[in-house]
Amino acid sequence: DVKVTQSSRYLVKRTGEKVFLECVQDMDHENMFWYRQDPGLGLRLIYFSYDVKMKEKGDIPEGYSVSREKKERFSLILESASTNQTSMYLCASSFLGGGTEAFFGQGTRLTVV
Amino acid sequence: AQSVAQPEDQVNVAEGNPLTVKCTYSVSGNPYLFWYVQYPNRGLQFLLKYITGDNLVKGSYGFEAEFNKSQTSFHLKKPSALVSDSALYFCAVRSLYSGGYQKVTFGTGTKLQVIP
């Protein structure tokens, strides 16, 4: 069974902390994505990566960075957490082909206090 | 720029009745269209997709969707709703960036409530 695993289901962090969200996939997918999900706004793309060490900004990259040192792992970094980054974060992966569907992790609900 | 619109925040339907969740899109070139479902406190699960060919696409759990190029729509349908279908549904469109990289744009989601 295919799997995308996010390291935490729930996180509570303080304002100003550096936060790491980890995602691992076991499907040998080239593409990996980080989204945030907020009520009424749907899913918004933060960053994506199509290969090791490669990254592209999505729609809302400000305040975030990413790292992809290995094909199966994609990390999202909040350099200095703020309360407006309280959200549900979803990791996803897919093959490179245009018509391939994405597989999602279970999500990390991050609360910044 | 590509975009997806789901005009209804919530759809209510009685159990056993047919359901439709609407989606329209805007994209340059040929679209790849997807539907995903999200149950509470879970990630998204793939339901079905349109790539090319037959305009009526069948997917998981008895769902289907109809691609209409002239109306730029990809509505999700099911002939007979179940209470267990109650969830959040997302439509998505995918295209190629210039340079060959791929981006998926999601709609804002439609909450489906099936009433017993």
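Coordinates for the structure precede this section.
Conventions used here
As a convention, each chain's residues are numbered from 1 in the sequence order in which they are written. Both sets of labels track the order of writing: A upward for chains, 1 upward for ligands. A pLDDT threshold of at least 70 governs which residues receive local features in this predicted model, and a stricter bar of 80 or more applies before side-chain atom pairs are shown or counted, although totals over entire chains, interfaces and linings include all residues. Working from all heavy atoms in the structure, the side-chain values ignore hydrogens and water. Numbering of helices and strands runs from the N terminus, with a helix taken as a DSSP run of H or I at least four residues long and a strand as a DSSP run of E at least two residues long. In this description, contact between two residues means that some pair of their heavy atoms is separated by no more than 4.5 Å. The Shrake-Rupley method, run with a 1.4 Å probe sphere, supplies the accessible areas, and residue values consider only the shown protein chains as cover. The charge count treats Lys and Arg as positive and Asp and Glu as negative. His and the chain ends do not count. Charged groups are reduced to one reference atom each: NZ for lysine, CZ for arginine, CG for aspartic acid, CD for glutamic acid. For each structure, a 1 Å grid was placed over the protein atoms alone; sets of points admitting a 1.4 Å probe that cannot get out are labelled cavities, open sets with protein on both sides within 12 Å along at least five of seven lines are labelled pockets, and lining residues have an atom within 4 Å of a point. Grid points are joined across faces, edges and corners, and a volume is the space filled by probe spheres set on the points. Following the grouping adopted for this structure description, the nonpolar residues are Ala, Val, Leu, Ile, Met, Phe, Trp, Tyr, Cys and Pro, the charged ones are Asp, Glu, Lys and Arg, and the polar ones are all others, Gly among them. Throughout, exposure labels follow a simple rule: accessible area from a 1.4 Å probe, protein chains only, divided by the maximum for the residue type, with under 20% read as buried, over 50% as exposed, and the rest as partly exposed. The rule for a salt bridge is simple: a side-chain nitrogen of Lys or Arg has to be within 4 Å of a carboxyl oxygen of Asp or Glu. Buried area adds together the accessible area that both of two parts lose upon being put together, with accessible area traced by a 1.4 Å probe.

(A) Focus on the overall build of chain A. Per the secondary structure count, chain A includes zero helices and 11 strands. For chain A, the N- to C-terminal ordering of α and β elements is β-β-β-β-β-β-β-β-β-β-β. Long-range contacts, defined here as pairs at least 24 residues apart, represent 55% of the contacts in chain A between residues at least 6 apart. Accessible surface for chain A amounts to roughly 5200 Å². Of this, 52% is attributable to carbon and sulfur atoms. Computing the positive centroid from 15 side-chain charges and the negative centroid from 15, chain A places the two 7 Å apart.

(B) Broad picture of empty space enclosed by the protein. Within the structure shown, the criterion is met by one cavity of 30 Å³ or more. Size it by volume and the largest cavity reaches roughly 30 Å³. Partitioning the lining of the largest cavity into residue classes produces two nonpolar, three polar and two charged.

(C) Spotlight on unusual backbone geometry. With a phi angle near 70°, Lys53 of chain A is a residue other than glycine that sits in the positive phi range. Position of Lys53 of chain A relative to the elements: it lies in the loop between β5 (42-49) and β6 (56-57). Note on Lys53 of chain A: relative accessible area 59%, which makes it exposed. Residue Thr72 of chain B is not a glycine yet carries a positive backbone phi of 45°. Within the secondary structure layout, Thr72 of chain B lies in the loop between β8 (64-68) and β9 (73-78).

(D) Spatial organisation of the pattern of salt bridges. Taken as a whole and assessed by the stated rule, the structure comprises nine salt bridges over all chains. Close ionic contact of Lys71 of chain A with Asp28 of chain A constitutes a salt bridge, the shortest N to O distance being 3.0 Å. Linking Lys71 of chain A in the loop between β7 (64-70) and β8 (73-78) with Asp28 of chain A in the loop between β3 (19-25) and β4 (31-38), this pair joins segments that are 43 residues apart in sequence. The partner of Asp85 of chain B in a salt bridge is Lys78 of chain B, and the shortest N-O contact between them spans 2.8 Å. Note on Asp85 of chain B: relative accessible area 3%, which makes it buried. By relative accessible area, Lys78 of chain B is classed as buried at 7%. In this structure, a network of salt bridges that share partners links the residues Arg36, Asp38 and Arg44 of chain A.

(E) Looking closely at the interface of chain B and chain A. If you look at the interface, chain B gives 22 residues, while chain A gives 30 residues. The contact between chain B and chain A buries some 2000 Å² in all, and 52% of this surface belongs to carbon and sulfur atoms. Applying the counting criterion to the chain B and chain A interface returns one salt bridge. Across the pair Lys49 of chain B and Glu101 of chain A runs a salt bridge, and its minimum N-O distance is 2.8 Å. If you list the elements that add at least two residues to the side of chain B that touches chain A, you get β5 (32-38), β6 (44-50), β10 (87-96) and β11 (102-106) of chain B. When the residues that make up the side of chain B that touches chain A are grouped by side-chain class, the tally is 12 nonpolar, six polar and four charged.

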